[in-house]
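Examination of the molecular architecture
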Amino acid sequence: GAGVSQSPSNKVTEKGKDVELRCDPISGHTALYWYRQSLGQGLEFLIYFQGNSAPDKSGLPSDRFSAERTGGSVSTLTIQRTQQEDSAVYLCASTPGQGAEKLFFGSGTQLSVL
Amino acid sequence: SQELEQSPQSLIVQEGKNLTINCTSSKTLYGLYWYKQKYGEGLIFLMMLQKGGEEKSHEKITAKLDEKKQQSSLHITASQPSHAGIYLCGADPNAGGTSYGKLTFGQGTILTVHP
């Protein structure tokens, strides 16, 4: 596609429910990143994929958070048993290789946990 | 861990005015990135600085990295409403740089430009 696509753009869920957030990177981009942006914490790194493997998961805040990537393309971020503090904008970015100057960000998924 | 502090947190200027946003690091910066974000959109890369004393410009935006590589500034000349948005600085969290896209970000500066 022309850019990084994320869906849904907005998600409202009840506390305790599971949610799945999807990221479609730019075609051919081998590296994919998930970030979280919240009022209190700013923009935080969550996880990095190179191909289908995740060499750096250090930013995942708890074991309720998991992510996978299939076919070296689409990635899904799953949050189980959502809590109110999970409310944030979840941003996905991809890059054709190394170098943060080549990061292309999606518009994000605004997650609201009631 | 590296922390980035941006100032000011928000800025309101009249169109045509110059402005400066600062980004200060608790550790030496090995790669400093400036991004712009509009509400409801992703981040757009502006500039990257790596060397002490480096300065880069694009259109009316100039970014500088000090000689000690612990502070960067973003200067906008003759601001326009199109410059409005959130400006974020980001840095490689590892000494020597990571050369990939894991960055530590500042809290952002919200810029409003009144016509």
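First things first, this report covers the structure right here in the doc. (Residues numbered from 1 in each chain as written. Chains lettered and ligands numbered in written order. Predicted model: local features only at pLDDT ≥ 70, side-chain atom pairs only at ≥ 80, totals over all residues. Heavy atoms only, no water.)

Some thoughts on the nonpolar core
All names here are of chain B. What counts is decided by this rule: Among buried residues, the Ala, Val, Leu, Ile, Met, Phe, Trp, Tyr and Cys ones that are joined through side-chain atoms within 4.5 Å form a nonpolar core. Each residue is assigned to one of three classes by its accessible area relative to the maximum for its type, calculated with a 1.4 Å probe on protein chains only: buried under 20%, partly exposed between the two thresholds, exposed over 50%. Numbering of helices and strands runs from the N terminus; a helix is a DSSP stretch of H or I covering at least four residues, while a strand is a stretch of E covering at least two. Any two residues having at least one pair of non-hydrogen atoms within 4.5 Å are treated as being in contact.
Ranked by size, the top nonpolar core spans 21 residues in total, and within it Leu 19, Leu 32, Trp 34, Leu 74 and Leu 111 carry the most contacts. Taken together, the elements giving at least two residues each to this core come down to β2 (10-14), β3 (19-25), β4 (32-37), β5 (43-49), β7 (61-65), β8 (71-76), β9 (85-91) and β11 (109-114). For Leu 111, the contacting residues outside a window of four places in its chain are Leu 11, Val 13, Leu 19, Ile 76, His 83, Ala 84, Gly 85 and Tyr 87.

Considering the sheet that holds β3 of chain B
All names here are of chain B. Just so we agree on the cut-off: Any two strands are treated as partners once DSSP identifies two or more bridges connecting them. For every element, the axis is a line fit to its C-alpha atoms; helices are fit only across the contacting stretch, and the angle between N-to-C directions ranges from 0 to 180 degrees.
If you trace the five strands from one edge of the open sheet to the other, you get β1-β3-β8-β7-β6, paired in antiparallel fashion. Each edge of the sheet is formed by a strand with only one pairing partner; in this case those strands are β1 (4-7) and β6 (55-58). Direction aside, the axes of adjacent strands within the sheet are offset by 15° on average.

A word on the pattern of salt bridges
What counts is decided by this rule: Any carboxyl oxygen of Asp or Glu that lies within 4 Å of a side-chain nitrogen of Lys or Arg is treated as forming a salt bridge with it.
Summed over the entire model, instances satisfying the criterion amount to six salt bridges over all chains. Note that Arg 36 of chain A and Glu 44 of chain A form a salt bridge whose closest N and O atoms lie 3.5 Å from each other. A relative accessible area of 24% means that Glu 44 of chain A is categorised as partly exposed. Measuring nitrogen to oxygen at the nearest pair gives 4.0 Å for the salt bridge that ties Glu 55 of chain B to Lys 64 of chain B.

Comments concerning the pairing of strand β6 (residues 53-56) of chain A
Each regular strand displays side chains that alternate between the two surfaces of the sheet. Residue and element names in this part refer to chain A. Of the strand pairs in this sheet, strand β5 (residues 42-50) and β6 are connected by two bridges, and their pairing is antiparallel. Directly across from Gln 50, in β6, lies its bridge partner Ser 53. Joining the antiparallel neighbours β5 and β6 is a turn of two residues, in which Gly 51 adopts a positive phi near 65°.

Quick word on the packing of aromatic side chains
Selection rule: By convention, a stacked pair of Phe, Tyr or Trp rings (six-membered ring in the case of Trp) has centres within 6.5 Å and planes under 30 degrees apart, an edge-to-face pair has planes over 60 apart, and any other such pair is tilted.
Inspection of the entire model under this criterion finds seven aromatic pairs over all chains. A centroid spacing of 5.9 Å and a plane angle of 50° characterise the contact between Tyr 35 of chain A and Phe 105 of chain A, whose relative ring orientation is tilted. With a gap of 70 residues between them, Tyr 35 of chain A in strand β4 (residues 31-38) and Phe 105 of chain A in strand β10 (residues 104-105) connect regions that are remote in the sequence. Here the two residues Tyr 35 of chain A and Phe 105 of chain A agree in accessibility, since each one is buried. Aromatic ring contacts, followed pair by pair, group Tyr 35, Phe 45 and Phe 105 of chain A together with Tyr 35, Phe 45 and Phe 105 of chain B into a single cluster.

Side note on the interface of chain A and chain B
Convention followed: Defined in terms of a 1.4 Å probe, buried area is the accessible area two parts forfeit on being brought together, summed over both. Pairing of N or O atoms within 3.5 Å defines a polar contact, subject to two protein rules: one partner must be a possible hydrogen donor and the other a possible acceptor, and residues neighboring in sequence count only if both atoms are side-chain atoms.
At the junction of the two partners, chain A supplies 20 residues and chain B supplies 17 residues. For the pair chain A and chain B, the summed buried area comes to about 1,600 Å², and 53% of that belongs to carbon and sulfur atoms. Counting the surface chain A buries against chain B, the share from its top three residues, Leu 43, Ala 100 and Glu 101 of chain A, is 31%. Here Lys 102 of chain B and Asp 56 of chain A are joined by a salt bridge, their closest N and O atoms 3.0 Å apart. The interface formed by chain A and chain B contains eight residue pairs in polar contact (both at pLDDT 80 or more). Sorting the residues of the side of chain A that touches chain B by element identifies β4 and β5 of chain A as the ones contributing at least two each.

Section: unusual backbone geometry
The omega torsion of the bond from Ser 7 of chain A to Pro 8 of chain A falls at -10°, within 30 degrees of zero and hence cis. Assignment of secondary structure puts Pro 8 of chain A in the loop between β1 (5-7) and β2 (10-13). That bond from Ser 7 of chain B to Pro 8 of chain B is cis: its omega, -5°, falls within 30 degrees of zero. Considering the arrangement of structural elements, one finds Pro 8 of chain B in the loop between β1 and β2. Positive phi is not limited to glycine here, since Lys 69 of chain B has a value of about 60°. Within the secondary structure layout, Lys 69 of chain B lies in the loop between β7 and β8.

Regarding the sheet that holds strand β8 (residues 75-79) of chain A
Residues and elements named next belong to chain A. Strand order in the open sheet formed by four strands is β1-β3-β8-β7, with antiparallel pairing between adjacent strands. Single-partner strands in this sheet number two, and they are β1 and β7 (65-69). Put simply, the sheet's adjacent strands are angled 15° from each other on average, direction ignored.

Re the state of the cysteines
Residue and element names in this part refer to chain A. As a reminder, the rule being used: Put simply, a disulfide is two cysteine sulfurs that come within 2.5 Å.
Counted under the stated rule, the structure contains two disulfides over all chains. Disulfide partner of Cys 23: Cys 92, at an S-S distance of 1.9 Å. Since a negative S-S torsion denotes a left-handed disulfide, the Cys 23-Cys 92 link at about -65° is left-handed. With Cys 23 in strand β3 (residues 19-24) and Cys 92 in strand β9 (residues 88-95), this residue pair connects regions lying 69 residues apart in the sequence.

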